[in-house]
Amino acid sequence: MRKKEVKNCNSCLMPLNLDLGTSGSHIYCSLCFTEGEFIYKGNDINEFKSLCYKGMRERGINKWLAKFYTFLISFAPRWRKSKLHKNEQ
Ligand SMILES: [Zn+2]
């Protein structure tokens, strides 16, 4: 079986080859994950999205592009899973 290569962060979907930091993880970027744990530990995708949006704007990313990337976060594996967990609570 071929090992699946992860190309995008499993939390925010940022392409990992654009990640300038080191997360210590091969499935999460350094903006989401550092030193063995998530930077945002909550389970609220809307809160996470607004943090990401702010972070992108601080890095000088165009407003519309930042909105688009923020929208894509909904499709990241981390949040797809948490949707299922919500039904169990
Ligand atoms: Zn990320």
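Each value, and the rule that gives it
- Residues numbered from 1 in each chain as written.
- Predicted model: local features only at pLDDT ≥ 70, side-chain atom pairs only at ≥ 80, totals over all residues.
- Helix = DSSP H or I, 4+ residues; strand = E, 2+ residues; numbered from the N terminus.
- Buried ≥ 20, exposed ≤ 12 C-beta atoms within 10 Å, placed from the backbone.
- Core = buried A, V, L, I, M, F, W, Y, C linked by C-beta atoms within 7 Å.
- Contact = placed C-beta atoms within 7 Å.
- pLDDT = per-residue confidence, 0-100.
- Axes fitted to C-alpha atoms, helices over the stretch in contact; angles between N-to-C directions.
- Parallel < 35°, antiparallel > 145°, perpendicular 65-115°, else oblique.
- Left-handed = near helix turned anticlockwise from the far one by under 90°.

Within the protein chain, the secondary structure is distributed over three helices and two strands. Along the protein chain, from the amino end to the carboxyl end, the secondary structure elements read β-β-α-α-α. Counting the 89 residues in the protein chain, one finds 21% classified as buried.

Residues C9, C12, L13, M14, C29, C32 and I73 are the most contacted members of the largest nonpolar core, which totals 14 residues. Residue contributions to this core peak at three residues, all from helix 1 (residues 45–58). With residues near it in sequence (within four places) discarded, C29 still touches C9, C12, M14, L16, D19 and S23.

Examined against the element boundaries, R80 turns out to sit in helix 3 (residues 77–88). Between the C-alpha atoms of R80 and S11, which are 69 residues apart in sequence, the distance is 9.7 Å.

For the protein chain, the average pLDDT comes to 87, and 87% of its residues sit at 70 or higher. Confidence, read as mean pLDDT per element, is least for helix 3 in the protein chain (66) and greatest for helix 2 (residues 63–72) (95).

With that settled, the discussion passes to the environment of P15. Relative to the assigned elements, P15 resides in the segment before strand 1 (33–34). Here P15 falls in the exposed class, since 10 other C-beta atoms lie within 10 Å of it. Note: C-alpha distance between P15 and Y28 (13 residues apart in sequence) is 9.6 Å. Among residues more than four places away in sequence, those in contact with P15 are K7 and N8.

Packing of helix 1 against helix 2 brings their axes to within 9 Å, and their N-to-C directions diverge by 150 degrees. Between helix 1 and helix 2, the interaxial angle falls into the category roughly antiparallel. Viewed along their axes, helix 1 and helix 2 form a crossing whose handedness is right-handed. Seen from helix 1, the contacting residues are K49, C52, Y53, M56 and R57; seen from helix 2, they are A66, Y69 and T70.

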